[in-house]
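Residues per chain are reported as follows:
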Amino acid sequence: ALLGDKHSVWKLDPNFSEDNLASNVVRTFFWLKKDDAATTNAFLEKLYRELMLPNQSKRKNTYPDMVYTWSNVHMEEVEANDALNHDVMWSTASIIFVGLMIFLKVRNLFVFVFAMLGLILSFFSAYYWVSINFDIQQITLLHVSSLFVMMGVGADDIFLMVDSFNHTELEFEEEEVEDDHGHQQERNREIIRKRMKSAYST
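Residues numbered from 1 in each chain as written. Predicted model: local features only at pLDDT ≥ 70, side-chain atom pairs only at ≥ 80, totals over all residues. Heavy atoms only, no water.

Overview of the side chain of S198
Then comes step 1: Among the structural elements, S198 can be located in helix α6 (residues 181–201).
Then comes step 2: Residues in contact with S198, not counting those within four places in the same chain, are T168, E171 and F172. (Helix = DSSP H or I, 4+ residues; strand = E, 2+ residues; numbered from the N terminus. Contact = heavy atoms within 4.5 Å.)

Let's talk about the pattern of salt bridges
Then comes step 1: Throughout the structure, instances matching the rule amount to five salt bridges.
Then comes step 2: For K105, the salt bridge goes to D163, with nearest N and O atoms at 2.7 Å. Of the two residues, K105 is situated in helix α3 (residues 73–106) and D163 in helix α5 (residues 141–167); the sequence distance between them amounts to 58 residues.
Then comes step 3: For R193, the salt bridge identified is with E186, shortest N-O distance 3.6 Å.
Then comes step 4: A relative accessible area of 44% means that R193 is categorised as partly exposed.
Then comes step 5: Each of the salt bridges in this network shares a partner with another, and the network as a whole consists of E186, R189, E190 and R193. (Salt bridge = Lys/Arg side-chain N within 4 Å of Asp/Glu carboxyl O. Buried < 20%, exposed > 50% of the residue type's maximum accessible area, 1.4 Å probe, protein only.)

Considerations on the packing of aromatic side chains
Then comes step 1: By the definition in use, this model includes three aromatic pairs.
Then comes step 2: The interplanar angle of 80° and the centroid separation of 5.4 Å between the aromatic rings of F103 and F112 together place this pair among those described as edge-to-face.
Then comes step 3: Since its relative accessible area comes to 35%, F103 is described here as partly exposed.
Then comes step 4: Between Y128 and W129, the ring centres sit 6.2 Å apart and the planes meet at 80°, which makes this aromatic pair edge-to-face.
Then comes step 5: Assessed through its relative accessible area of 48%, W129 is described here as partly exposed.
Then comes step 6: The aromatic ring of F165 is capped on one face by R195, whose charged end is 4.1 Å from the ring centroid. (Phe/Tyr/Trp six-rings, centres within 6.5 Å; stacked < 30°, edge-to-face > 60°. Lys NZ or Arg CZ within 6 Å of the ring centre and 35° of its normal.)

Digging into the confidence of the model for the protein
Then comes step 1: Looking at the protein, pLDDT values average 81 and 92% of them are 70 or higher.
Then comes step 2: Confidence, expressed as mean pLDDT per element, reaches its minimum in the protein at helix α1 (residues 6–9) with 79 and its maximum at helix α4 (residues 109–133) with 87. (pLDDT = per-residue confidence, 0-100.)

Description of the packing of α3 against α4
Each pair of packed helices gets described by two things: the angle between the helix axes and the distance between those axes.
Then comes step 1: Between α3 and α4, the shortest axis-to-axis distance is 9 Å and the interhelical angle comes to 145°. Both α3 and α4 take part in a crossing whose hand is right-handed. On the side of α3, the interface is formed by I95, V98, G99, I102, F103 and V106, while α4 contributes L109, V111, F112, A115, M116, L119 and F123.
Then comes step 2: Here the residues of the contact of α3 with α4 are counted per class, giving twelve nonpolar, one polar and no charged. (Axes fitted to C-alpha atoms, helices over the stretch in contact; angles between N-to-C directions. Left-handed = near helix turned anticlockwise from the far one by under 90°. Nonpolar A, V, L, I, M, F, W, Y, C, P; charged D, E, K, R; others polar.)

Topic: helix α2 (residues 37–55)
Residues separated by three or four positions in an α-helix point in the same direction, a consequence of the helix having 3.6 residues per turn.
Then comes step 1: Taking 1.5 Å per residue, 19 residues should reach 27 Å; α2 reaches 26 Å between its end C-alpha atoms and fits that length.
Then comes step 2: Approximately 40° is the largest bend angle found in α2, and it occurs at Y48.
Then comes step 3: The set of residues buried in α2 consists of T40, L44, Y48, M52 and N55.
Then comes step 4: Packing partners of the buried residues in α2 comprise α3. (Expected span 1.5 Å × (residues − 1). Bend = angle between axes of the 7 residues up to and from the residue.)

This is the structure we're talking about:
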């Protein structure tokens, strides 16, 4: 009779059968009233942060044999937002670290500002394509993790661009022009244009 009751069997582990009348797991359910959603959600968040979350850590696990699960939209959002905030903090620290590395590489405030501007604007352009062209409005953990990829690729591009530009110095050595100062400046600008074009194509 018990095996025929799907609701009862669902509370036990999958190995429970006629030949194995023992279960390593017994699920317990707490049903809460839906009358006051704000109070219920506040209670669930407190339960999650004070009991469930600390016991997920191996160091603080008071009840190592207990497994916590839930089927609650609000709690899924709370957990996802916690993970999102955690990753955003790491990505902010990563941006600062990458910015420091770029500045040490280029050693030029003007180049550094525009390099970082290009790096940051790539986030917004990517979000534009995702939200407008692909109609994906929800920001997920996958979007946040992509920040690390974009920073890595963007910083690498900056390093390669600077190195490529520096390597063109021998290829386009500035020739001395005996004409007036204005002609010399125009000649130098033309050389920089050629060096930039060569570095960009490289």
